[in-house]
Structures are given as C-alpha cells and as structure tokens.
Amino acid sequence: QVQLVESGGGLVQAGGSLRLSCAASGRTFSSYAMGWFRQAPGKERDFVVAISKSGSNTLYADSVKDRFTISRDNAKNTVYLQMNSLKPDDTAVYYCVAHPSIATITRSYNGIDYWGKGTLVTVSS
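Residues numbered from 1 in each chain as written. Predicted model: local features only at pLDDT ≥ 70, side-chain atom pairs only at ≥ 80, totals over all residues. Heavy atoms only, no water.

(A) Local environment of the overall build of the protein chain. Regarding its fold elements, the protein chain presents one helix and 11 strands. Overall, the protein chain shows an N-to-C arrangement of helices and strands of β-β-β-β-β-β-β-β-β-α-β-β. Oriented by its inertia axes, the alpha-carbon framework of the protein chain measures out at about 40 × 25 × 25 Å. Burial status across the protein chain gives 42% buried among its 125 residues. Relative to all contacts within the protein chain whose residues are 6 or more apart in sequence, the contacts with residues 24 or more apart total 58%. As presented, the protein chain carries roughly 6300 Å² of accessible surface, and 45% of it is formed by carbon and sulfur atoms. Between the mean site of the 13 positive side-chain charges and the mean site of the 9 negative ones, the protein chain shows a separation of 5 Å. (Helix = DSSP H or I, 4+ residues; strand = E, 2+ residues; numbered from the N terminus. Buried < 20%, exposed > 50% of the residue type's maximum accessible area, 1.4 Å probe, protein only. Contact = heavy atoms within 4.5 Å. Areas by Shrake-Rupley, 256 points an atom, 1.4 Å probe, with all protein chains shown as cover. Lys, Arg positive; Asp, Glu negative; His and termini not counted. Charge placed at Lys NZ, Arg CZ, Asp CG, Glu CD.)

This is the structure we're talking about:
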C-alpha cells in the first residue's frame, strides 16, 4: 500500500507560479513511476505529467509542456510539480498518482494503483 499526500495548492494570479509536492509513504517509493492528473470543474480527469522511477524520463501533456516541470527526490519519497506561467485554464484539482509502469500513467487514469486526495489550484485572471 502507498499513501500519497499532496500539498502546495492555492490561489495565484495568471502568470504566477506554484510548486506542488506529493509525499509518499508505504512501500518503496523508487519502485513506482509517479505522475500528476488534474480535473477542472465539470470536466474529465486529465493526464498532466509523469516521471519514471529513477527520474530519468519525463512525459508531459502538450498543454503544460515548457511551463510545468516534474521532479522527484527518492531519498525524501517526494515528487514535485513546478508550475510556471500559470493560466486560468490550469485551474483544477491536482492529483498525485503512483504506479509501477509510467506507460500506464500516461495512457489513462484507469488502472493506476494509487491516488492522492488532491490539492486545489486556482488561477485568477
């Protein structure tokens, strides 16, 4: 079992930055690829970004490429999401996920083993 706890969400103006963190506990953190999904009000849950177990490989949704950066610290059991140049369209609840396969994370939210409870990011115009 893996428990994921997100933090760092909040209210920010367009063009601003936020850094989300996801602390993991339970089984070996480095055994899992990690990622972030987001869900805006009235919309489906969408893939944002994923990172491989070692951190050597990252995959981004086109909508956040060049603005968001994912990283992980396996010694601290934590994954980070640095979000820059935020837009109102980035407003959503952001969920941290963990799964042994990065491919599973990038394909769909179905089948992912572990989810956090989410943290709300609101970007005002």
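Having seen the model, we can carry on.
(B) Region of the structure containing the pairing of strand β4 (residues 33-39). By the criterion of burial, β4 is predominantly enclosed, with six of the seven residues buried. Here β4 runs beside strand β9 (residues 92-99); their pairing, made up of seven bridges, is antiparallel. Within β9, the residue paired with Phe37 across the bridge is Tyr95. Sheet topology note: the β4/strand β5 (residues 45-51) ladder contains six bridges and is antiparallel. Residue Trp36 lies in a different strand from β5, and its bridge partner there is Val49. Hairpin geometry of β4 and β5 is characterised by an intervening segment of five residues between the two adjacent antiparallel strands and by a positive phi of about 75° at Gly42. (Pairing = 2+ DSSP bridges.)

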